[in-house]
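Chain and residue survey
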Amino acid sequence: MLNSDTQPPMQRALALAGEALWLTAPNPRVGCVITDPDGQVLGEGHTQSAGQAHAEIMALRDAQTRGHSVRGATAYVTLEPCAHHGRTGPCCDALVQAGIARVVVGARDPNPLVAGQGLARLQAAGVHIEHDDPAAVQSRELNLGFFSRMQRHTPWVRMKIAASVDGQTALENGQSQWITGPQARTDGHAWRARSCAVLTGIGTVLEDDPRLDTRLVKAPRAPHLVIVDSRLETPLTAQLFQAQPETPRQIWIYAAVDQPERRAALEALGAQVTLLPGPGGKVDLPALLRDLARREINELHVEAGHKLNGSLVREGLVDEFLLYLAPKLIGQGRGMAQFGPLQQLSDALSLNFTEPTLVGPDLRILARVAGRDLF
């Protein structure tokens, strides 16, 4: 925990929301700090796992544990307090009942069940509302997946690629383990863990037999696993069925062609098979994303081969790239994404580099598709 006495209350609330990065899905990551009129912290907290207390309730409980009354206090909340009965009760009502006099809020909640209603109910109860616009930007960034699901009805799609500095993800014979170093692999598992689901293709399953779990990091929840498998070729002996994450995960297989016996065998192993036929006997990828949003997937972490990567890029479904570039030259091999050829450079996919970082000997680049966050 950071020292709450050294940070402005809203920055502390944002830091608390960041501590919930791997915990709250499918709920948003929210922090709350309650202060007295002199700015002294009375209580603080962040949203817990789905079905458990939200940030405001945690902060009220913390104040009670410390023996503080919050009547007449100010609550700094990174996201608008909820106003509906979902897995828990309305947080706006809890703040009113506790006697909170002022609420400083970051982002408005994009959930249509809230969408301003939480603030309206607080104001109707006589609570003074203030907006912190810089905090709103930071809060939205922490919750881009949640905002995407609520406003676009699709997850935020992040494609992870490990490659040589000349852009090759494998040798021509398919060998790819390991291009990047152990630090990058551990870091990649942390990015898996913050997502709601990890997506791969049947090509990767057949060639690499991956587990696609988060064994290299300690995480409070396991992301679900999504497999794009047009003809239901996933082996019944695949390691992904043998992996035993500490917390349960669902395995969702999307196919284009039904094979009843294979489907029954996969379902007997616990997988859920969904038929979404698209053009050319392939899975309808836009429909897949819409279905994942229906399953409450906020962030989708893609770890696939160059063919499925290319299909996702070609259909305009990728929001950002998580690239790990190793200080190696491979020459001929398999590229990052197979699409094109383009006829002119102006047709290239434009990216904005947002976060270049050295991870061990490798370079991690977070590159966002230009304009994808404007929704």
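This report concerns the structure included in the present document. Counting restarts for each chain: residues are numbered from 1 in the order of the written sequence. The predicted origin of the model limits local features to residues at a pLDDT of at least 70 and limits the giving and counting of side-chain atom pairs to 80 or more, whereas totals for whole chains, interfaces and linings rest on all residues. With hydrogens and water set aside, each side-chain value is computed from the structure's full complement of heavy atoms.

Observations concerning the pairing of strand β3 (residues 74-79)
Most of β3 sits out of view: six of its six residues are buried. Pairing of strand β1 (residues 31-35) with β3 involves four bridges; the strand directions are antiparallel. What sits directly across from Val33, in β3, is Tyr76. By the convention used here, strands pair only if DSSP detects at least 2 bridges between them. Strands are runs of DSSP state E lasting at least 2 residues, helices are runs of H or I lasting at least 4, and numbering of each runs from the N terminus. Pairing between β3 and strand β4 (residues 102-107): five bridges, direction parallel. Each bridged residue has a counterpart across the sheet, and for Thr74 the counterpart in β4 is Arg102. Using a 1.4 Å probe on the protein chains alone, a residue whose accessible area is under 20% of its type maximum counts as buried, one over 50% counts as exposed, and one in between counts as partly exposed.

Details of the sheet that holds β4
Adjacent strands of a sheet pair through backbone hydrogen bonds, lying either parallel or antiparallel. Strands sit in the order β2-β1-β3-β4-β5 across an open sheet of five strands; the sheet is mixed. Of all strands in the sheet, those bounded by a partner on one side alone are β2 (41-46) and β5 (128-131). Within the sheet, the average angular offset between the axes of one strand and its neighbour, ignoring direction, is 15°. Any two residues having at least one pair of non-hydrogen atoms within 4.5 Å are treated as being in contact. Interaxial angle, 0 to 180 degrees, is taken between N-to-C directions of lines fitted to C-alpha atoms, where a helix line uses only the stretch in contact. Across the sheet, helix α1 (residues 9-19) is in contact with β1, β2, β3 and β4; its angle to β1 comes to roughly 145°.

What to know about the sheet that holds strand β14 (residues 362-369)
In space, the nine strands of this open sheet follow the order β10-β9-β8-β7-β11-β6-β12-β14-β13, with mixed pairing throughout. Unpaired on one side and paired on the other, β10 (271-275) and β13 (351-359) mark the two borders of the sheet. For this sheet the average axis-to-axis angle between neighbouring strands, irrespective of direction, equals 20°. Sheet analysis places strand β8 (residues 224-228) next to strand β9 (residues 251-255), joined by four bridges and oriented parallel. When the bridges of β9 are listed, Ile227 appears paired with Ile253.

Notes on unusual backbone geometry
Here the residue pair Ala25 and Pro26 is connected by a cis peptide bond, since its omega of 5° sits within 30 degrees of zero. Pro341 follows Gly340 through a cis peptide bond whose omega is 5°. Of note in the backbone geometry, Ala115 takes a positive phi value of approximately 40° without being a glycine. With respect to the secondary-structure elements, Ala115 resides in the loop between β4 and α4 (117-124). Phi at Asp209 takes a positive value of approximately 45°, unusual for a residue other than glycine. Looking at the secondary structure, you find Asp209 in the loop between α8 (202-208) and β8.

Side note on the packing of aromatic side chains
Two aromatic rings from Phe, Tyr or Trp, using only the six-membered ring of Trp, form a pair when their centres are within 6.5 Å; if the ring planes differ by under 30 degrees the pair is stacked, by over 60 it is edge-to-face, and anything between is tilted. According to the stated counting rule, one finds one aromatic pair in the structure shown. Relative to Phe375, the ring of Trp156 has its centre 6.3 Å away and its plane inclined at 45°; by these criteria the two rings are tilted. Of this pair, Trp156 sits in strand β6 (residues 156-164) while Phe375 sits in the segment after β14; the two residues are 219 residues apart in sequence, bridging distant segments of the chain. Classification of Phe375 by relative accessible area gives partly exposed; the value is 26%. For a Lys NZ or an Arg CZ to count as sitting over a ring, it must be within 6 Å of the ring centre and within 35 degrees of the ring normal. For Arg140, the ring lying beneath its charged end belongs to Phe375, and the centroid distance is 4.6 Å. The ring of Trp178 has Arg185 sitting right over it, with the charged end atom 4.4 Å from the ring centre.

Brief notes about the nonpolar core
Working definition of a nonpolar core: buried Ala, Val, Leu, Ile, Met, Phe, Trp, Tyr and Cys residues. They are joined through side-chain atoms within 4.5 Å. Counting 35 residues, the largest nonpolar core has Leu199, Leu288, Leu292, Leu300, Leu312 and Phe321 as its most contacted members. Element by element, the count of residues in this core is highest for helix α11 (residues 285-294), at five residues. Contacts of Phe321, omitting those with residues within four sequence positions, involve Met159, Ile161, Val313, Leu349, Leu351, Ile365, Leu366, Ala367 and Val369. Val30, Ala75, Ile129 and Phe147 belong to the second largest nonpolar core, which has 28 residues in total.

A closer look at a nonpolar patch on the surface
A cluster of nonpolar residues, Leu349, Leu351 and Phe353, forms a patch on the protein surface that exposes about 290 Å² of accessible area. Here Leu349 is to be found in the loop between β12 (320-326) and β13. For Leu349, a relative accessible area of 40% gives the class partly exposed. Patch members must show over 30% relative accessible area and no salt bridge, and they are joined within 9 Å when carrying like charges or within 5 Å when they are nonpolar side chains of Val, Leu, Ile, Met, Phe, Trp or Tyr. Per-residue accessibility takes into account occlusion by the displayed protein chains alone, with areas from the Shrake-Rupley method and a 1.4 Å probe. One side-chain nitrogen of Lys or Arg within 4 Å of one carboxyl oxygen of Asp or Glu is enough to make a salt bridge.

Looking at the side chain of Arg158
With respect to the secondary-structure elements, Arg158 resides in strand β6. Ignoring any residue separated from it by four or fewer positions in sequence, one finds Arg158 in contact with Trp191, Arg194, Glu299, Leu300, His301, Val302, Glu320, Leu322 and Leu366.

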